[in-house]
Amino acid sequence: MDAPVRLGKVRVVTDRLPHTLRSDALDNRERILDAARALFSTDGLDVPMREVARRAGVGPATLYRRFPTKQMLVAEAFADQLNACRAIVDEGCADPDPWRGLCLVIERICELHARDRGFTEAFLSTYPEMKDVAAGREYTVKAVAGLAQRAKEAGRLRSDFVLDDLILVLMANKGIRAASTAAQVKASRRFAALAIQAFEACPQHAPLPPAARLGSAAPDSA
């Protein structure tokens with residue numbers, strides 16, 4: 001008489017186990033990604049995988065089970081930033097004024113990268129395993145190339161501009177260091193304005209955005 005009751009209880013517990021495991025796995029995955037984003041943003045991509053696991057509160061085996069390589073982890077961690085980058089480029093290309101659209105792209109991409117050092121490193125990297133990042137970079141480069149050509153034809157972008165100049169700007173923008181993210185973004189906006197003036201065919205020297213106080217600046221330079 002007791003057997004059906006005991007069997008029923010076992011069946012209920014068994015039915016719940018897969019759901020519990022899936023929930024735990026999802027929670028671990030999100031904690032790993034949150035930890036990776038935080039560490040990559042502040043310390044770059046050289047952060048050891050074990051440190052990501054420690055910050056996420058999981059074991060290394062769990063981390064490698066979810067993300068067998070760092071490249072896979074990086075690509076997944078920066079999926080949102082890649083989508084944001086694509087949206088910025090699409091908005092710039094949609095502007096009927098190609099110079100204004102190019103300025104928007106430079107300003108906003110610099111700010112996006114200033115908020116996240118790790119994303120810049122991922123975007124500029126050449127890891128073959130990071131197919132999504134590589135595809136996003138290729139899309140951005142092609143779209144900006146077309147936008148730049150239109151800006152040249154409109155007489156607003158200097159004729160000797162090449163896409164490598166924009167890569168140089170992103171590399172230099174990555175080197176900005178400030179005491180806070182807000183200050184870093186502020187400095188990036190000023191740097192982007194300087195770059196835009198350098199790219200303009202006939203610079204009008206519009207006022208620059210406010211300067212940010214940087215750690216290496218002299219006390220009286222602000």
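Within every chain, residues take consecutive numbers counted from 1 along the sequence as written. In view of the model being predicted, local features appear only for residues whose pLDDT reaches at least 70, and side-chain atom pairs are presented and counted only at 80 or more, with totals across whole chains, interfaces and linings using the full set of residues. To get the side-chain values, take all heavy atoms of the structure and skip hydrogens and water.

A word on helix α9 (residues 163-174)
So, step 1. Between the first and last C-alpha of α9 there are 17 Å, a value that for 12 residues agrees with the 16 Å anticipated at 1.5 Å per step.
So, step 2. Throughout, a residue-residue contact means that at least one pair of heavy atoms, one from each residue, lies within 4.5 Å. The helix and strand labels rest on DSSP assignments: H or I over at least four residues marks a helix, E over at least two residues marks a strand, and numbering proceeds from the N terminus. Here the buried face of α9 lies against α6 (98-114), α7 (117-124), α8 (131-153) and α10 (181-199). Multiplying one less than the number of residues by 1.5 Å gives the expected span of a helix.

Looking at the pattern of salt bridges
So, step 1. The term salt bridge refers to a side-chain nitrogen of Lys or Arg lying within 4 Å of a carboxyl oxygen of Asp or Glu. Applying the stated rule across the entire model yields 12 salt bridges.
So, step 2. For D34, the salt bridge goes to R37, with nearest N and O atoms at 3.1 Å. With D34 and R37 both in helix α1 (residues 2-43) and three residues apart, this pair spans about one turn of that helix.
So, step 3. As a salt-bridge pair, R115 and E111 come within 2.9 Å of each other at their nearest N and O atoms.
So, step 4. Each of R29, E30 and E76 takes part in a single network of salt bridges with overlapping partners.

Considering the nonpolar core
So, step 1. If you look at the biggest cluster of nonpolar residues, it comprises 52 residues, and the most contacted ones within it are V52 and L73.
So, step 2. No other element matches α6, which puts nine residues into this core.
So, step 3. Dropping the residues within four chain positions of it, L73 is found in contact with I32, L33, A36, F40, M49, V52, L63 and F67. What makes a nonpolar core is a set of buried Ala, Val, Leu, Ile, Met, Phe, Trp, Tyr and Cys residues whose side-chain atoms join them at distances within 4.5 Å. For every residue, the accessible area (1.4 Å probe, protein chains only) is compared with the maximum for its type, and the residue is labelled buried under 20%, exposed over 50%, or partly exposed between those bounds.

Here's the deal with the confidence of the model for the protein chain
So, step 1. Values of pLDDT, which run from 0 to 100, indicate the predictor's confidence residue by residue. Of the residues in the protein chain, 84% reach a pLDDT of 70 or more, and the chain-wide mean stands at 84.
So, step 2. Here residues 1-21 scores under 50 on pLDDT; set against residues more than four positions off or in separate chains, the count is zero contacts.
So, step 3. Counting contacts from residues 217-222, a segment whose pLDDT is below 50, to residues more than four positions away or on other chains yields three contacts.

Topic: the side chain of E200
So, step 1. If you trace the backbone, E200 turns up in the segment after α10.
So, step 2. With residues near it in sequence (within four places) discarded, E200 still touches W99, R156 and R158.

Here's the deal with the packing of α7 against α8
So, step 1. Here the axes come from fitting lines to C-alpha atoms, over the contacting stretch only for helices, and the angles between their N-to-C directions go from 0 to 180 degrees. Relative to each other, α7 and α8 sit at 80°, their axes nearing to 8 Å. With respect to their mutual orientation, α7 and α8 come out roughly perpendicular. Facing α7, whose interface residues are A122, F123 and L124, α8 presents V133, R137 and T140.
So, step 2. In this classification, the charged set is Asp, Glu, Lys and Arg, the nonpolar set is Ala, Val, Leu, Ile, Met, Phe, Trp, Tyr, Cys and Pro, and all remaining amino acids, among them Gly, are polar. Split into classes, the residues belonging to the contact of α7 with α8 amount to four nonpolar, one polar and one charged. Roughly parallel here means an angle under 35 degrees, roughly antiparallel means over 145, roughly perpendicular means 65 to 115, and every remaining angle is called oblique.

Re the environment of K142
So, step 1. By secondary structure assignment, the location of K142 is in helix α8.
So, step 2. Judged by relative accessible area, K142 falls into the exposed class, the value being 57%.
So, step 3. Each C-alpha atom of the pair K142 and L163 lies 9.6 Å from the other, and the pair is 21 residues apart in sequence.

Comments concerning the packing of α6 against α8
So, step 1. Look at α6 against α8: their axes get within 8 Å of each other, and the N-to-C directions meet at 140°. Here α6 is positioned oblique relative to α8, judged by the angle of their axes. Of the two elements, α6 crosses α8, and the hand of that crossing is left-handed. Of α8, the residues touching α6 (which contributes P98, W99, G101, L102, V105 and I109) are T140, V144, L147, A148, R150 and A151.
So, step 2. Looking at side-chain class alone, the contact of α6 with α8 contains nine nonpolar, two polar and one charged residues. In this scheme the crossing of two helices becomes right-handed for a clockwise turn of the near helix relative to the far one and left-handed for an anticlockwise turn of less than a right angle.

Notes on the environment of L214
So, step 1. Checked against the element boundaries, L214 lands in the segment after α10.
So, step 2. On the basis of relative accessible area, L214 is assigned to the partly exposed category, the value being 27%.
So, step 3. Here the alpha-carbon distance between L214 and A187, two residues 27 residues apart in the chain, equals 8.0 Å.
So, step 4. In this structure, L214 is in contact with R177, A178 and A187, ignoring residues within four places of it in sequence.

Things to note about the environment of E138
So, step 1. Among the structural elements, E138 can be located in helix α8.
So, step 2. Separated by 15 residues in the primary sequence, E138 and F123 place their C-alpha atoms 10.0 Å from one another.

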